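# Structural characterization, general
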Amino acid sequence: MIESWDRRDVEWMRMALDRAAAAAGGGEVPVGAVLLDAGGRVLAAAHNAPIQEHDPSAHAEIRVLRQAARRVENYRLPGSTLYVTLEPCVMCVGAILHARVGRLVYGAADPKAGAVESLFRLLEDTRFNHRVMVRGGVLAASSATLLREFFRARRRQGRGAVNNIAAGEEGV
């Protein structure tokens with residue numbers, strides 16, 4: 001049986017998966033994110049959009065942090081919880097640290113670019129002046145399946161990588 005806090009994590013990860021599916025529908029790598037404030041209210045939800053926005057930093061995590069910071073008029077988001085369908089990369093972990101996110105919950109591990117557990121373990125580095133609680137693997141199979149199906153469809157279409165997306169982004 002899933003504990004009550006697990007149910008909430010699953011609920012919010014499903015919302016992030018919905019955002020990831022929206023990304024895939026728009027031709028973007030299917031990664032979605034949701035950010036809750038310390039009281040458990042949704043501050044922002046977003047998906048990957050580097051192709052659409054012509055911006056290499058337009059990862060779901062960055063976009064959701066930007067939206068939330070604008071909403072609360074503060075770049076610091078203490079006590080917040082970030083749900084993301086794929087293990088964050090180095091850039092996104094840096095933004096998570098700077099924003100002072102309190103908790104990170106992610107779905108699938110990313111062995112090619114993950115900076116939380118797979119390739120790097122940046123959030124374990126005690127030299128940083130902020131600590132983030134981490135829980136990985138929430139709905140990991142659903143996240144991984146969405147990514148695999150997206151890239152499988154792209155390969156079938158003969159496109160390989162999507163509009164100059166590095167092969168390392170395929171991740172899962």
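These notes cover the structure that comes with them. Bear in mind the structure is a predicted one, so any value in this text is a computation, not a measurement.

Calculation notes
Residues numbered from 1 in each chain as written. Predicted model: local features only at pLDDT ≥ 70, side-chain atom pairs only at ≥ 80, totals over all residues. Heavy atoms only, no water. Patch = residues over 30% accessible without salt bridge, like charges linked within 9 Å, V, L, I, M, F, W, Y side chains within 5 Å. Areas by Shrake-Rupley, 256 points an atom, 1.4 Å probe, with all protein chains shown as cover. Salt bridge = Lys/Arg side-chain N within 4 Å of Asp/Glu carboxyl O. Helix = DSSP H or I, 4+ residues; strand = E, 2+ residues; numbered from the N terminus. Buried < 20%, exposed > 50% of the residue type's maximum accessible area, 1.4 Å probe, protein only. Contact = heavy atoms within 4.5 Å. Core = buried A, V, L, I, M, F, W, Y, C linked by side-chain atoms within 4.5 Å. Axes fitted to C-alpha atoms, helices over the stretch in contact; angles between N-to-C directions. Parallel < 35°, antiparallel > 145°, perpendicular 65-115°, else oblique. Left-handed = near helix turned anticlockwise from the far one by under 90°. Nonpolar A, V, L, I, M, F, W, Y, C, P; charged D, E, K, R; others polar.

A cluster of nonpolar side chains, contributed by Val 90, Leu 119 and Phe 120, occupies part of the molecular surface with about 260 Å² of accessible area. Within the secondary structure, Phe 120 sits in the loop between β4 (103–108) and β5 (133–135).

The next thing to look at is helix α4 (residues 90–99). Restricting attention to buried positions, one finds in α4 the residues Cys 92, Val 93, Ile 96, Leu 97 and Ala 99. Contacts made by the buried residues of α4 are with α3 (60–72), β3 (81–86) and β4. A positive phi of about 65 degrees marks Arg 100, the residue just after α4.

So, on to the nonpolar core. It is characteristic of soluble globular proteins that their nonpolar side chains tend to be buried jointly. Core analysis: the biggest nonpolar cluster contains 31 residues, and Leu 35, Val 64, Leu 65, Leu 82 and Leu 104 have the highest contact counts within it. Secondary structure elements with two or more residues in this core: β1 (32–36), β2 (42–47), α3, β3, α4, β4 and α5 (140–156). Residue contacts for Val 64: discarding those within four places in its chain leaves Ala 33, Val 34, Leu 35, Ala 44, Ala 45, Ala 46 and Leu 82. Counting 9 residues, the second largest nonpolar core, distinct from the first, contains Val 10, Ala 16, Val 34 and Val 105.

Here we take up the packing of α3 against α4. Close contact between α3 and α4 brings their axes to 9 Å; oriented N to C, the two are set at 25 degrees. In this view, α3 runs roughly parallel relative to α4, as classed from their interaxial angle. Helix-helix and strand crossings are classified by hand; for α3 and α4 the assignment is left-handed. Of the residues in α4, those touching α3 at Glu 61, Ile 62 and Leu 65 are Met 91, Cys 92, Ala 95, Ile 96 and Ala 99. Of the residues assigned to the contact of α3 with α4, the class counts are 7 nonpolar, no polar and 1 charged.

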